[in-house]
Protein chains: 4
Amino acid sequence: MSKFKGVVPPVVTPLNDDFTVDYKSYTRVLEHLIEAGCHGVFVLGSTSEVVFHDEKTRREIIEHSAKVVNGRVPLLVGTIDATTDRVIAHSQIARAAGADAVVVTAPFYTVTSQSEILDHFRYIRDAVDVPLVAYDIPVCVHVKLLRQTVVTLAKEGTIIGLKDSSGDDGNFRYALLDLADHKDVFLMTGSEIVVDNALLMGAHGVVPGIANVDPHGYVRLWDAAQRGDWVAARREQERLCRLFEIVWVAQGRVSGGASGIGAFKAAMKSLGIIDTAIMPRPRAPLNAEEAARIDGILRETGLLQI
Amino acid sequence: MSKFKGVVPPVVTPLNDDFTVDYKSYTRVLEHLIEAGCHGVFVLGSTSEVVFHDEKTRREIIEHSAKVVNGRVPLLVGTIDATTDRVIAHSQIARAAGADAVVVTAPFYTVTSQSEILDHFRYIRDAVDVPLVAYDIPVCVHVKLLRQTVVTLAKEGTIIGLKDSSGDDGNFRYALLDLADHKDVFLMTGSEIVVDNALLMGAHGVVPGIANVDPHGYVRLWDAAQRGDWVAARREQERLCRLFEIVWVAQGRVSGGASGIGAFKAAMKSLGIIDTAIMPRPRAPLNAEEAARIDGILRETGLLQI
Amino acid sequence: MSKFKGVVPPVVTPLNDDFTVDYKSYTRVLEHLIEAGCHGVFVLGSTSEVVFHDEKTRREIIEHSAKVVNGRVPLLVGTIDATTDRVIAHSQIARAAGADAVVVTAPFYTVTSQSEILDHFRYIRDAVDVPLVAYDIPVCVHVKLLRQTVVTLAKEGTIIGLKDSSGDDGNFRYALLDLADHKDVFLMTGSEIVVDNALLMGAHGVVPGIANVDPHGYVRLWDAAQRGDWVAARREQERLCRLFEIVWVAQGRVSGGASGIGAFKAAMKSLGIIDTAIMPRPRAPLNAEEAARIDGILRETGLLQI
Amino acid sequence: MSKFKGVVPPVVTPLNDDFTVDYKSYTRVLEHLIEAGCHGVFVLGSTSEVVFHDEKTRREIIEHSAKVVNGRVPLLVGTIDATTDRVIAHSQIARAAGADAVVVTAPFYTVTSQSEILDHFRYIRDAVDVPLVAYDIPVCVHVKLLRQTVVTLAKEGTIIGLKDSSGDDGNFRYALLDLADHKDVFLMTGSEIVVDNALLMGAHGVVPGIANVDPHGYVRLWDAAQRGDWVAARREQERLCRLFEIVWVAQGRVSGGASGIGAFKAAMKSLGIIDTAIMPRPRAPLNAEEAARIDGILRETGLLQI
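All values derive from a computational prediction rather than experimental measurement.

The rules behind each value
Residues numbered from 1 in each chain as written. Chains lettered and ligands numbered in written order. Predicted model: local features only at pLDDT ≥ 70, side-chain atom pairs only at ≥ 80, totals over all residues. Heavy atoms only, no water. Contact = heavy atoms within 4.5 Å. Buried area = accessible area lost by both parts, 1.4 Å probe. Salt bridge = Lys/Arg side-chain N within 4 Å of Asp/Glu carboxyl O. Polar contact = N/O pair within 3.5 Å; in protein donor to acceptor, adjacent residues only side chain to side chain. Helix = DSSP H or I, 4+ residues; strand = E, 2+ residues; numbered from the N terminus. Least-squares fit on C-alpha atoms with pLDDT ≥ 70 in both. Nonpolar A, V, L, I, M, F, W, Y, C, P; charged D, E, K, R; others polar. Pairing = 2+ DSSP bridges. Expected span 1.5 Å × (residues − 1). Buried < 20%, exposed > 50% of the residue type's maximum accessible area, 1.4 Å probe, protein only. pLDDT = per-residue confidence, 0-100. UniProt positions renumbered as here; feature names shortened; annotations may be inferred. Phe/Tyr/Trp six-rings, centres within 6.5 Å; stacked < 30°, edge-to-face > 60°. Lys NZ or Arg CZ within 6 Å of the ring centre and 35° of its normal.

## A short note on the interface of chain A and chain D
- Each partner contributes to the interface: chain A provides 22 residues, whereas chain D provides 22 residues.
- On the chain A side of the interface with chain D, the three residues burying the most area are R173(A), Y174(A) and L200(A), jointly 32% of the side's total.
- There are four salt bridges connecting chain A and chain D.
- R173(A) serves as the salt-bridge partner of D196(D), at 2.7 Å between the closest nitrogen and oxygen.
- Here chain A is connected to chain D by 12 residue pairs in polar contact (both at pLDDT 80 or more).
- Of all the elements in the fold, those that place two or more residues in the side of chain A that touches chain D are helix 7 (169–178), helix 8 (195–201) and helix 10 (230–244) of chain A.
- When residues of the side of chain A that touches chain D are assigned to their parent elements, the largest contribution, six residues, is made by helix 10 of chain A.

## Side note on the relation of the copies chain C and chain D
- For the pair chain C and chain D, the best superposition has an RMSD of 0.0 Å and corresponds to a rotation of 180° with a translation of 0.0 Å parallel to the axis. In symmetry terms, the pair is related by a two-fold rotation axis.
- Counting the interface residues of chain C, we find that 100% of their copies in chain D are interface residues as well, pointing to one common contact surface.

## Details of the interface of chain C and chain D
- Taken together, the contact pairs 38 residues of chain C with 38 residues of chain D.
- Roughly 3,200 Å² of surface becomes buried between chain C and chain D when both sides are summed, with 57% attributable to carbon and sulfur atoms.
- Its largest share of buried area at the contact with chain D, chain C owes to Y109(C), R281(C) and P282(C), together 28% of the area lost on that side.
- Close ionic contact of E55(C) with R86(D) constitutes a salt bridge, the shortest N to O distance being 3.4 Å.
- Here the side of chain C that touches chain D is composed, by residue class, of 18 nonpolar, 12 polar and eight charged.

## Concerning the sheet that holds strand 4 (residues 101–105) of chain D
Residues and elements named next belong to chain D.
- Ordered in space as 1-8-7-6-5-4-3-2, the eight strands form an open sheet in which the pairing is parallel. Looking at the sheet topology across the chains shown, the edges are occupied by strand 1 (6–7) and strand 2 (41–43).
- Alignment of strand 1 against strand 8 (residues 205–206), held across two bridges, turns out to be parallel. When the bridges of strand 8 are listed, G6 appears paired with G205.

## Side note on helix 9 (residues 215–226) of chain C
Residue and element names in this part refer to chain C.
- In a regular helix each residue adds 1.5 Å, so 12 residues correspond to 16 Å; helix 9 covers 17 Å between its end C-alpha atoms and thus fits that length.
- Considered for burial, the residues of helix 9 that qualify are P215, G217, Y218, V219, L221, W222, A224 and A225.
- In this fold, the buried residues of helix 9 make contact with strand 1 (6–7), helix 1 (23–35), helix 8 (195–201), strand 8 (205–206) and helix 10 (230–244).
- After helix 9 finishes, the residue G228 shows a positive phi value of roughly 75°.

## Quick word on the confidence of the model for chain A
- With 100% of its residues at a pLDDT of 70 or more, chain A has an overall mean of 97.
- For this predicted complex, the interface score ipTM comes out at 0.97, alongside a pTM of 0.97.

## With respect to the UniProt feature "active site" (unreviewed entry) in chain A
- UniProt records the feature "active site" (unreviewed entry) at Y135(A) and K163(A), using the numbering of this structure. Judged by maximum C-alpha separation, these annotated positions cover 29 residues in sequence but sit close together in space, the widest gap being only 4.8 Å.
- Here Y135(A) is to be found in strand 5 (residues 132–136).
- Beyond its immediate sequence surroundings of up to four residues, Y135(A) is in contact with F42(A), S46(A), I80(A), V103(A), V104(A), T105(A), A106(A), L145(A), K163(A), S165(A) and Y109(B).
- Engagement of the side chain of Y135(A) in a polar contact is seen with the side chain of S46(A), the distance being 3.0 Å.
- Locating K163(A) in the fold gives a position in strand 6 (residues 161–164).

## A short note on the packing of aromatic side chains
- Per the counting criterion, the structure on display carries 26 aromatic pairs over all chains.
- Judged by centre distance (5.3 Å) and plane angle (75°), the ring pair of Y174(A) and W248(D) falls under edge-to-face. Highlighted residues: Y174(A) in helix 7 and W248(D) in the loop between helix 10 (230–244) and helix 11 (256–270), drawn from two different chains.
- A relative accessible area of 2% means that Y174(A) is categorised as buried.
- By relative accessible area, W248(D) is classed as partly exposed at 34%.
- Geometrically, the ring pair formed by F42(C) and Y135(C) is edge-to-face, given 5.7 Å between the ring centres and 75° between the ring planes. A residue pair is termed long-range when its members are at least 10 positions apart, and F42(C) in strand 2 (residues 41–43) and Y135(C) in strand 5 (residues 132–136) qualify at 93 residues. Here the two residues F42(C) and Y135(C) agree in accessibility, since each one is buried.
- Its end group placed over the ring of Y123(A), R281(B) keeps NZ or CZ at 4.6 Å from the ring centre.

Now the structure itself:
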């Protein structure tokens, strides 16, 4: 199996009041994840609010992450941008700064075909000497990486893996089946709430945003699945599903994006992992009443005492 | 009425073989538009393939445009990016480089609410001393600027105008009605094929991509509408509709984006306005057979002789 | 030009408290429309809440309509159902009951291709000896009648016309251009708020739901357009746009369908055209506060005195 | 646990050349399913092409099914129509004809809110003395039964269960968790390709269309899950996933609906279960080349010898 596997959280990026990165808190997040037994970290993904950071900040985040992680686990880096050459530029920086692999979406803002998506990944492969992971996230880029696209890219060696945040579990399963003989390819799900299912289907890893809040839970879930104890896996997953309900606490008042990552930050602040729950503009942070409801859920799920 | 009005084409960006901007051709495009009587130019919009250009190239394009235009007509500049602070950075550069106004979309990649869109425009207004135009383009950003959002921003003075590329003519009409007493606000349609309608409704301007190919046609259409000759306006529009069919020649083989702007470039090359029809990666250019079909349409619509 | 032309309202179906059709009110609606100078009536369309009526009621509505209309204007009848053979059955009944033409959507509930849509209309044409009008209403059937589909069906003589409720004015214009030489084909828009535009483009008729409330306004708009007075047409349209805002009064509290047709009924009740504003289940009627706000709009637009 | 549980296939409806139901074949389908150990049958669902049948045919299908099934397993009957009162009429007929429960979607054709959906189910509950099952199938009705809607209806006793064909496994899981204490409620998935997952999550039953072709496979999968052998469940599911690829053989040439159910019929004809693979109009049947490719898949998955 690939060295990329297991629980690989997309790392939350805590901010200072002036919207710069709070690196002291950020270091604590990385240590929290690695100490809990996570098998890798994914920085500058959607959960990291990657598109809010300018080029300079992205580079600093990668360099800081590489220094903190220091080879203890693989470092995956999102090099997410709207068009091919901009992704290439980010990817060259990520490689130089110590990324073990870069994670790349389909082009966005523009309307894109599957044929262009194939070319997009091939141009990047040719331009940068770093392993590529495809990132299927139609809710952000508004196009799906079709089964045939993923399988073609994996079989020809353009990509070494997939992070599937499409919510289309059936399609994910077919990709697993189509690539069953390609032992070096790793397929990971971005779904937080059906991880036991994904592992039963044979997924090689999981990238759950809420593992920022409770990495131990996902490591236990992974371990249960590895030993074939699906009843324990399900039980752990169900507790994590209850925890995941924090993402809907502010829904309606703020956008879905702000509600979800805002909830992660509010919970991590309550748990003492980060110092503030600042959100990048134009996202509004959660308010005190919402934070209190999140604390209630943290208590019910055993994360917060009293 | 605002100084921003009339035919304001979104300027195509011609490229060299190495994907750098072909400034010699680009200068010819600007001269071609101004000489035809266009009332403004809009650079770094979707038709300019803005998201394909890096920060340095964007700055050069604005500076080059400002030098060529030299105050003859207003220069509108797209400062399009996924998040508020990145738009602010682009807008500060655009202002310094000579933009008369900047054109801003809703945030993209992230999922965004109308409330966040309001804040987005207000943060930009506060940060940059340059007039703001809202750009409604749901096909790219996947959220619509609702009537109430546009009207609120216009009435409070955050934006001075709107470019509506949503295709929702009814909603555009209601914005015109709601803002009828705000003479300083200008509302422009991005639709190429119903410009006569938009002008009959009272639109202050039009931003037709295909005016890169035939600016004279749109100026004639504008003039006919100004003198109330709706029959002539319709006749001109119908010829331009026939011309607009070039955008579908390559559809199916390449993506919609590549098919449309690729057709503009192929036609402009045939007409001698630009030297190449290179497309930025991963977009593929049109092929010879498609270019020949486009030439056929250029002949039928009177743009190409023999 | 076809005998089908001009203002052809989709007739609202008033109900009794027990949800049966209130034929006394219904007769008044038809007389109201014909006396105002409407050029045809369209019964059992979406505005008539066609899918709420069972087979027996549909037949009675057609027979009653034919008796009242009595050849004074053409009677168009929606024979809307999910699949081909069910539409054929409705169409045979409509023909026998006196329909001058039947109006048919694409299949729905099932997922349908353009090729199946072509076959759908051809099977119906072969089975029933009555003129067919295509009804493009993607908001209900969730598939668009593509330009090529409409043009093919019209050129081969399968359909004699189109009612376009898709909101895609550009596509409608291309259908008009493609069929300009087919003088016997009539193309009508279902849009209430851009009727002046549609007529400037050359539309042969309009099917505005809100003409149930104010038929005189649409007849004036039509007459102005016929004599080429586009300024008067626009002015009338703008008043009707203000009137049309009644459809949003209840939005949010009830569904969009209930809010729109519920508003028509509430307004028609206030104007004394119908006796009740009952809605078919599960739609809820508008409440008193909403009806009062609608009365306010009726006053502002000159329909209700004091 | 409810008497409704286990493998409950949505029964395919074979047709004669004249599009009437081929009851001889239909009887064989029912016997084939019951003999294989299925725990119930669901007639007049989407797989049964319910919307293609008129009222008389629907009644005959229910009566015939009741006679054949004869109480050996529960008989679920789809009473699918666009509006409340039409569903009530179908449901009264179904009850009289011997249905053990009726299966009801949200309203369609009309645009519907969650509040109207709640009322829809409550009106039906009040009008018909037969257990109600909610059918979540947004691909057909274009609205999702939200978690809160399903849970409210189940807790108040309006529905006794859910058939979830939405593909939203996460939402399905939350419904399972929310209703964990309501032992009399049964939640079934309509997904064919992630049945092992659904059962691991605690689903009470499965409604796989392709069980018409291979009911033994789904019964084995169910049995493996019941004894906690998730490895065997997964292995069986993976074979069935390979079989399920028959649904895409004709895709592109015919619509998705025709391709899927057409493939079921072609396979069942090859296996001798039904006599023809006729499709209702306007759906086209699969052609010989497609049928041959389906036979290839039937051989690979062990269903067809030589």
